[in-house]
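# Examining the three-dimensional arrangement
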Amino acid sequence: MQQPSTIILGIESSCDDTAAAIIKNGKILANIVANQDVHKAYGGVVPELASRAHQQNIVPVVEAAINEAGIKKSDINGIAFTNGPGLLGSLLVGSSFSKAFAMAMNIPLIEVNHMQGHILAHFIEEKDGSKNPPTFPFICLTVSGGHTQLVKVSSYFEMEVLGETIDDAAGEAFDKVAKMLSIPYPGGPLLDKYAQLGDATKYKFAHPKVPELNYSFSGLKTSVLYFLKKQLKENPDFITENLNDICASVQKTIVEILMIELNKAIKQTGIKRIAIAGGVSANSELRNQIQNLTTTGCEVYIPKFEYCTDNAGMIAVAGYFKFLEKNFSTQGITPNARMKVNQ
Ligand code: KG4
Ligand code: ZN
């Protein structure tokens, strides 16, 4: 007998991307993201402006996803939305929309933890039926603008933090250094682009000393700041003349720091299935270094670019797994800006 199909609408609005996706039985039919250019002038996300832009974008983005998927609104069986972590005002737009949609269509409402979504993006099936999900347990290095964590993933919703940053996230380190170099927001992707043209061995920055499997990036940020101040005193054009090499050297250091703890985690747990998730997993040097782990007998899982940075496909697929377990939310749910990955 043919299984009934399950169509989930996913909504993501935790930061500055308004996104909607349609997943049918785990297969992606549409994945739409509206970026918010409004923050560029401020060099970072302005929470109030993000909430307003979500308000403007959410209905058009959902309509675009439904059109692209070639379905009708009434075909949707459940709506999954990001309930945290993130900016409260931004989360409220997505959760309020989702509650109203669930009530109007009389379908289940499903809350999704944004960080679990990043990890579960590995389970999305492509339109052509291809997929490459890791088997459990695996270790996921989750690196975004707000998080840097080593997570042991034992099942879809069983996740244990093995180590995490004690201060800045890796994405934050990329963005803050980019700002020092006058690279426009969001700095991470552009810094990566310049780094690919530079000499990564030109400048050396120290690694932090942090116990266990934890990370720290605030020291690196400060040492880059002092380094630049000193160089600029001697040569006011230092940054423009050496931009690619500075970017390459900083990027190499951030990725080295990420890989040292990851390698320790592999040794300690004996788990050799390694995945990366979150916006920084779009970074070219990190992708290269993760790929290199195959030479040490690891299986590696690197998401497609569109599933690295914030998207709703990851929320829809996580929602699909919850739908199968009938793990639904009530209309009384409120967003949690500081949600942990295992919540
Ligand atoms: O997961 P994400 O889209 O949003 C959060 O949940 O934070 O991650 C955004 C972060 C930003 O810090 C951005 O600069 C960084 O990911 N990022 C990158 C690259 N692409 C995005 N950092 C370094 N290299 C990249 N190619
Ligand atoms: Zn994210």
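Just so we're clear, the structure is a prediction, and the values are computed from it rather than from any experiment.

### Some remarks on the coordination of the zinc ion (ligand 2)
- Around the zinc ion (ligand 2), the protein contributes the donor atoms His114 (NE2), His118 (NE2) and Asp310 (OD), at 2.0 to 2.2 Å from the metal centre.
- Summarised as a motif, the one-chain spacing of the donors to the zinc ion (ligand 2) is H-x3-H-x191-D. Of this pair, His114 sits in helix α3 (residues 114-120) while Asp310 sits in the loop between β10 (299-301) and α9 (313-324), and the two are 196 residues apart along the sequence. Assigned by exposure class, His114 and Asp310 land together as buried.

### Quick word on the site of ligand 1
- Taken together, 18 residues form the shell around ligand 1, and within it Gly145, Asp175, Asp192, Gly279 and Asn283 come nearest.
- Note that an oxygen atom of ligand 1 is positioned 3.3 Å from one of the side-chain N or O atoms of His114.
- For ligand 1, the accessible surface in isolation is 550 Å², of which the surrounding protein chains cover 88%.
- Counting only elements with at least two residues in the shell around ligand 1, the list comes to α3, α4 (170-180) and α5 (187-195).

### Overview of the domain arrangement of the protein chain
- By the assigned domains, the protein chain splits into domain 1 (7-132 + 307-324) and domain 2 (138-306).
- Taking only C-alpha atoms, the centre of domain 1 and the centre of domain 2 are 26 Å apart.
- Ranking the residues of domain 1 by area buried against domain 2 places Ile119, His122 and Cys308 at the top, with a combined share of 30%.
- Where domain 1 meets domain 2, there are one salt bridge.
- Across the pair Lys304 and Glu126 runs a salt bridge whose closest N-O atoms are separated by 3.2 Å.
- There are nine residue pairs in polar contact (both at pLDDT 80 or more) connecting domain 1 and domain 2.
- Every element with two or more residues in the side of domain 1 that touches domain 2 is listed here: α3 and α9.
- Counting residues per element, the side of domain 1 that touches domain 2 draws most heavily on α3, at five residues.

### Things to note about the pattern of salt bridges
- The final tally for this structure, using the stated rule, is 12 salt bridges.
- Residue Glu68 is joined to Lys127 by a salt bridge in which the shortest nitrogen-to-oxygen separation is 3.6 Å. Of this pair, Glu68 sits in helix α1 (residues 47-69) while Lys127 sits in the loop between α3 and β6 (138-143), placing them 59 residues apart in sequence.
- The partly exposed category is assigned to Glu68, whose relative accessible area is 43%.
- In this structure, Glu256 engages Lys252 in a salt bridge whose closest nitrogen and oxygen atoms are separated by 2.9 Å.

### A closer look at the sheet that holds strand β8 (residues 158-164)
- With respect to topology, five strands assemble into an open sheet ordered β8-β7-β6-β9-β10, the strand pairing being mixed. Both edges of this open sheet fall to β8 and β10, since each of them pairs with a single strand only. Sheet twist, expressed as the mean angle between neighbouring strand axes with direction ignored, is 25°.
- Inspection of the sheet shows β6 paired to strand β7 (residues 148-155) by six bridges, in the antiparallel sense.

### Observations regarding the nonpolar core
- Formed by 46 residues in total, the largest nonpolar core has its most connected members in Leu141, Leu181, Ile254, Leu258, Leu262, Leu286 and Leu293.
- Counting only elements with at least two residues in this core, the list comes to β6, α4, α5, α6 (218-234), α7 (238-269), β9 (273-277) and α8 (284-292).
- Of the residues forming this core, the biggest block, 15 residues, is contributed by α7.
- Setting aside chain neighbours within four positions, we find Ile254 in contact with Ala170, Ala173, Phe174, Phe217 and Leu220.

### A look at the sheet that holds strand β3 (residues 27-35)
- With mixed pairing, the five strands of this open sheet are ordered in space as β3-β2-β1-β4-β5. Each having just a single partner strand, β3 and β5 (109-113) make up the two edges of the open sheet. Averaged over all pairs of adjacent strands, the angle between strand axes in this sheet comes to 20°, irrespective of strand direction.
- One ladder, built from six bridges, connects strand β1 (residues 7-12) with strand β2 (residues 17-24); its direction is antiparallel. Across the sheet, residue Ile11 finds its bridge partner in β2, namely Ala20.
- In the packing of helix α2 (residues 88-105) onto the sheet, the strands contacted are β1, β4 (78-84) and β5, and the crossing angle to β4 comes to about 155°.

### Regarding the side chain of Asn242
- Residue placement: Asn242 occurs in helix α7.
- Beyond its immediate chain neighbours, meaning those up to four positions away, Asn242 contacts Lys202 and Tyr203.

Rules behind the numbers
The residue count restarts for each chain, going from 1 along the sequence in the order it is written. Here chains are named by letter from A upward and ligands by number from 1 upward, in the order in which they appear as written. Since the coordinates come from a predicted model, pLDDT governs what is reported: local features require at least 70, and pairs of side-chain atoms require 80 or more to be given and counted, while whole-chain, interface and lining totals use all residues. Each side-chain value is derived from all of the structure's non-hydrogen atoms; neither hydrogens nor water enter the calculation. Excluding water, the donors of a metal are its N, O and S neighbours within 2.8 Å, or within 3.2 Å for Na, K and Ca, and that exclusion means sites may look incomplete. In this text, helices come from DSSP runs of H or I with a minimum length of four residues, and strands from runs of E with a minimum of two, each type numbered from the N-terminal end. Only protein chains enter the accessibility calculation, which uses a 1.4 Å probe; a residue is then buried when its area is under 20% of its type maximum, exposed when over 50%, and partly exposed in between. Proximity is defined per residue: if any heavy atom of the residue lies within 4 Å of a molecule or strand, that residue is considered near it. Distance and chemistry together define a polar contact, namely a pair of N or O atoms within 3.5 Å, with one atom able to donate a hydrogen and the other to accept it when in protein, and with adjacent residues in sequence counting only for side-chain atoms on both sides. What sets the accessible areas is the Shrake-Rupley method with a 1.4 Å probe; for residues, cover comes only from the shown protein chains. Throughout the structure description, domain borders are defined by an automatic or database domain assignment. Here the buried area means the combined drop in accessible surface, using a 1.4 Å probe, for two parts upon being joined, counting both sides. Note on definitions: salt bridges are taken to be side-chain nitrogens of Lys or Arg within 4 Å of carboxyl oxygens of Asp or Glu. DSSP-based pairing: two strands are paired if at least 2 bridges between them are found. Think of each axis as a best-fit line through the C-alpha atoms, taken over the contacting stretch in the case of a helix, with angles from 0 to 180 degrees between the N-to-C directions. Here, the term nonpolar core denotes a set of buried Ala, Val, Leu, Ile, Met, Phe, Trp, Tyr and Cys residues that are joined through side-chain atoms within 4.5 Å. Any two residues whose heavy atoms approach within 4.5 Å are treated as being in contact.

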